[in-house]
Each structure stands twice: as structure tokens, then as C-alpha cells.
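# A closer look at the structure
Now for the letters of each chain:
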Amino acid sequence: ITVLFSTAETAAVRENLTARTAVSNDYTSKISYSIDGLTKAEYTILVDIVMSRRALDIYQKQLGYLLDEVNQKLAMLIIDDYRKNGKCSLPRLYDETGDESIKNLITTLAVSEFLPKEFNEDDLYCSIDKIKHEIKKKKLDMLTKQISKSLDSTQRDQYLEEYQNLIRELGGYDGKH
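These lines cover the structure that appears in this document, whether it is placed above or below. These numbers come from a predicted model, not from an experiment.

## A look at the overall build of the protein chain
- Secondary structure summary: the protein chain contains nine helices and zero strands in total.
- Along the chain direction, N to C, the helices and strands of the protein chain fall in the order α-α-α-α-α-α-α-α-α.
- Taken across its 177 residues, the protein chain has 39% of its residues classed as buried.
- Partitioning the contacts of the protein chain with sequence separation of at least 6, the portion at a separation of at least 24 is 69%.
- Total accessible area on the protein chain is roughly 10300 Å²; 47% of this is exposed by carbon and sulfur atoms.

Given below as C-alpha cells:
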């Protein structure tokens, strides 16, 4: 839990957050997190933007949104917290939100041992690249469906050209091979 709390946060606040979310240290130390790469990339970005204003600036310039709806909601809350208070406090966000999915996400981020303990710019860029890659793969899937549905040869040719450009951007990887 200490990962996402600044040294100015008191132990009482950390204990209070843990108690309110019904997560005990004994239980969380036994949890084996198994998440996919996209989720880990989004969680890494969330943790980084909580810890560093520089990370937030990079995130906003390089990506600006997350694919998972709950992760995106939390990112927006973090941005608002920086605007209002000049820094981000997860305990404050936890207390102010009525959304249980956001509270669960904050708890997950606070107790996850696999997430970064300090901001690393290279890791942030890798996470952003992972998400951009996933966006391209989703667009590729959408184009594949559009090509197969398209009856107009001009439109099909446009979709095929865009599809081929995406394949090149992905380095020949179409997400299926």
C-alpha cells in the first residue's frame, strides 16, 4: 500500500483505506495476480500518473486515454485531482467516489506487488506503446470485418490500403499469427 501513498500520508490513512476495503495484509500477500499485458500496461500508467506529475504530462501528450472504461474513469479522476489540489491522493479519491468499481481499482492498485514502486519513464513509454499497439490491433480487426462486408470495390480498396498500412506499422504482425 505504501507504493501509492506519499511520505506525507499517515499510516492511519493507509490502515483506514485497507480496513474500509476489507483487504487484510495476510490475504493480499497470498494473492497471485494473473493479468494480461494490456491490463498491466494500463495499471502501470495509472500508478505512474499518481506518483509523478511528469508521468501525467507524458500520458496526456502521448496517449490521453485508456481502453478499459474503469481505468479511464480513474485516470480522469487523477487528472481532476491534480487540477484541484496540485497533487494526487488515492485516499482522497477513494473517499470522494461513490463508484464501487473505482474503489475496487484503487484497492487493487494500492495492494498490487507487481506494479512499479517508483516512476520510471522508460517503463511508462513501454506501457503507452503496448496500448497503442493494442489500439492498432483492434482497428485491424475492425478493418478485416469491414473488408469482408464491403460490397463497393472502391471502399474495399480503401479498407485494404488502410489494413496494409496497419500491418506495416505493426511490423507484419496482424495480431493473429
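And the narrative resumes.
## Observations regarding the nonpolar core
- Core analysis: the largest hydrophobic core is formed by 31 residues, its most contacted members being Ile 45, Leu 46, Ile 49, Tyr 59, Leu 74 and Ile 78.
- Listed by contribution, the elements that provide at least two residues to this core are α3 (37-51), α4 (53-62), α5 (69-85), α6 (90-96), α7 (100-111) and α8 (121-149).
- Considering each element in turn, this core owes the most residues, eight residues, to α3.
- Beyond its immediate chain neighbours, meaning those up to four positions away, Ile 45 contacts Tyr 59, Leu 63, Leu 66, Leu 124, Ser 127, Ile 128 and Ile 131.

## Let's talk about the side chain of Asp 48
- Here Asp 48 lies in helix α3.
- For the buried Asp 48, which has no salt bridge, the nearest side chain bearing the opposite charge is Arg 54, at an N-O separation of 11 Å.
- Setting aside chain neighbours within four positions, we find Asp 48 in contact with Ala 55, Pro 116, Glu 118, Phe 119, Asn 120 and Leu 124.

## Focus on the packing of aromatic side chains
- Counted by the stated rule, this structure contains zero aromatic pairs.
- A cation over an aromatic ring shows up here: Lys 103 above the ring of Tyr 94, its NZ or CZ 5.1 Å from the ring centre.

## Some points on the pattern of salt bridges
- Enumeration over the complete set of coordinates arrives at ten salt bridges.
- With a closest N to O distance of 3.6 Å, Lys 73 and Asp 99 form a salt bridge. On the criterion of sequence distance, the pair formed by Lys 73 in helix α5 and Asp 99 in the loop between α6 and α7 is long-range, its members being 26 residues apart.
- Residue classification places Lys 73 among the partly exposed positions, given a relative accessible area of 35%.
- A relative accessible area of 23% places Asp 99 in the partly exposed class.
- In this structure, Glu 169 and Lys 136 form a salt bridge, with 3.0 Å as the shortest nitrogen-oxygen distance. With a gap of 33 residues between them, Glu 169 in helix α9 (residues 153-169) and Lys 136 in helix α8 connect regions that are remote in the sequence.
- The partly exposed category is assigned to Glu 169, whose relative accessible area is 49%.

## Quick look at the environment of Tyr 43
- Position of Tyr 43 among the secondary structure elements: in helix α3.
- Sequence separation between Tyr 43 and Ser 112 is 69 residues, and the spatial gap between their C-alpha atoms is 9.6 Å.
- Once residues within four sequence positions are removed from consideration, Tyr 43 is found in contact with Ile 35, Asn 71, Leu 105, Thr 108, Leu 109, Phe 114 and Leu 115.

## Overview of the packing of α3 against α8
- Contact pair α3 / α8: the axes reach a minimum separation of 9 Å and the direction vectors enclose 135°. Taken as axis vectors, α3 and α8 run oblique relative to one another. Note on packing geometry: the crossing formed by α3 with α8 is left-handed. Between α3 and α8, the contacting residues are Gly 37, Leu 38, Ala 41, Glu 42, Thr 44, Ile 45 and Asp 48 on the first element and Leu 124, Ser 127, Ile 128, Lys 130, Ile 131 and Glu 134 on the second.
- Residues belonging to the contact of α3 with α8 are distributed by class as follows: six nonpolar, three polar and four charged.

Here is what the cut-offs are and how they apply
Residues numbered from 1 in each chain as written. Predicted model: local features only at pLDDT ≥ 70, side-chain atom pairs only at ≥ 80, totals over all residues. Heavy atoms only, no water. Helix = DSSP H or I, 4+ residues; strand = E, 2+ residues; numbered from the N terminus. Buried < 20%, exposed > 50% of the residue type's maximum accessible area, 1.4 Å probe, protein only. Contact = heavy atoms within 4.5 Å. Areas by Shrake-Rupley, 256 points an atom, 1.4 Å probe, with all protein chains shown as cover. Core = buried A, V, L, I, M, F, W, Y, C linked by side-chain atoms within 4.5 Å. Lys, Arg positive; Asp, Glu negative; His and termini not counted. Salt bridge = Lys/Arg side-chain N within 4 Å of Asp/Glu carboxyl O. Phe/Tyr/Trp six-rings, centres within 6.5 Å; stacked < 30°, edge-to-face > 60°. Lys NZ or Arg CZ within 6 Å of the ring centre and 35° of its normal. Axes fitted to C-alpha atoms, helices over the stretch in contact; angles between N-to-C directions. Parallel < 35°, antiparallel > 145°, perpendicular 65-115°, else oblique. Left-handed = near helix turned anticlockwise from the far one by under 90°. Nonpolar A, V, L, I, M, F, W, Y, C, P; charged D, E, K, R; others polar.

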